[in-house]
Amino acid sequence: QVQLVESGGGLVQPGGSLRLSCAPSGSGFSPYAMGWYRQAPGKQRELVATITAGGSTNYADSVKGRFTLSRDNAKNTVCLQMSRLKPEEPAVYYCYAVSYSCRYLWGQGAQVTVSS
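Computed from a predicted structure; not experimentally measured.

Peer 1: Before we move on, could you go through the nonpolar core and cite the residues and values that matter?
Peer 2: One finds W36, L80, M82 and Y93 to be the most contacted residues of the largest nonpolar core, which totals 30 residues. Of all the secondary-structure elements, those providing two or more residues to this core are strand 3 (18–24), strand 4 (31–39), strand 5 (46–52), strand 7 (67–72), strand 8 (77–82), strand 9 (91–99) and strand 11 (110–114). Per-element tally for this core: the top contributor is strand 9, with four residues. The residues contacting Y93, other than those within four sequence positions of it, are E6, L20, W36, Y37, R38, V48, F67, L80, M82, G109, A110 and V112.

Here it is, written out as structure tokens:
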């Protein structure tokens, strides 16, 4: 069974940058869209960014201009480049993928901590 594997989380100072990556553990899954959600303690999970197979992107208003989502369709991987991170943005970031048949896959989550 295909799973999504995330990497790149960690600790960064306010104003710093961090890069998250997500890749499938196997083959045979061609998602329509991929992206990232995040969930902070005590808060609901929110969409951060998404990208379709055609390259169309959508970002949460709070991250526009600071986060960039890219995708490699050949490998079905996505990378979220985060810059100018804010103290209120620590969360667990979850990679997701949705197939053309509306099947969802989720990663295990990557912790992002923003602290000086």
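Let's pick the thread back up.
Peer 1: Residues and numbers for unusual backbone geometry, please.
Peer 2: Backbone geometry places N76, a non-glycine residue, at a positive phi of 55 degrees. Looking at the secondary structure, you find N76 in the loop between strand 7 and strand 8. Looking at N76, the relative accessible area reads 13%, which means it is buried.

Peer 1: Before we move on, could you go through the pattern of salt bridges and cite the residues and values that matter?
Peer 2: Proximity of charged atoms lets side chains of opposite charge pair with each other. Following the criterion strictly, the structure yields four salt bridges and no others. In this structure, E89 engages R38 in a salt bridge whose closest nitrogen and oxygen atoms are separated by 3.1 Å. Of the two residues, E89 sits in the loop between strand 8 and strand 9 while R38 sits in strand 4, which places them 51 residues apart along the sequence. The pair E89 / R38 is uniform in exposure class, with both members buried. The residue R66 makes a salt bridge to E89 at a minimum N-O spacing of 2.6 Å. Here R66 is found in the loop between strand 6 (57–59) and strand 7, whereas its partner E89 is found in the loop between strand 8 and strand 9, with 23 residues between them in sequence. Take R66: its relative accessible area is 7%, and that puts it in the buried class. One connected set of salt bridges, linked through shared partners, spans R38, E46, R66 and E89.

Peer 1: How would you explain the sheet that holds strand 8 if you had to name every residue and give the values?
Peer 2: Taking strand neighbours across the sheet as the criterion, the four strands line up as 1-3-8-7 in an open arrangement whose pairing is antiparallel. Because the sheet does not close on itself, it has two edges, and the strands there are strand 1 (4–7) and strand 7. The sheet shows a mean angle of 15 degrees between the axes of neighbouring strands, taken without regard to direction.

Peer 1: Before we move on, could you go through the pairing of strand 5 and cite the residues and values that matter?
Peer 2: Burial within strand 5 is extensive, with five of its seven residues counted as buried. Bridging between strand 4 and strand 5 involves six bridges; their strand directions are antiparallel. Residue Y37 lies in a different strand from strand 5, and its bridge partner there is L47. Connecting strand 4 to the antiparallel partner strand 5 that follows it, the hairpin turn spans six residues, and G42 within it adopts a positive phi of roughly 75 degrees. Bridge analysis of strand 5 against strand 6 gives three bridges, and the strand direction is antiparallel. Note that in strand 6 the partner of A49 across the bridge is Y59. Adjacent in sequence and paired antiparallel, strand 5 and strand 6 are bridged by four residues, among which G55 carries a positive phi angle near 95 degrees.

Calculation criteria
- Residues numbered from 1 in each chain as written.
- Predicted model: local features only at pLDDT ≥ 70, side-chain atom pairs only at ≥ 80, totals over all residues.
- Heavy atoms only, no water.
- Core = buried A, V, L, I, M, F, W, Y, C linked by side-chain atoms within 4.5 Å.
- Buried < 20%, exposed > 50% of the residue type's maximum accessible area, 1.4 Å probe, protein only.
- Helix = DSSP H or I, 4+ residues; strand = E, 2+ residues; numbered from the N terminus.
- Contact = heavy atoms within 4.5 Å.
- Salt bridge = Lys/Arg side-chain N within 4 Å of Asp/Glu carboxyl O.
- Pairing = 2+ DSSP bridges.
- Axes fitted to C-alpha atoms, helices over the stretch in contact; angles between N-to-C directions.

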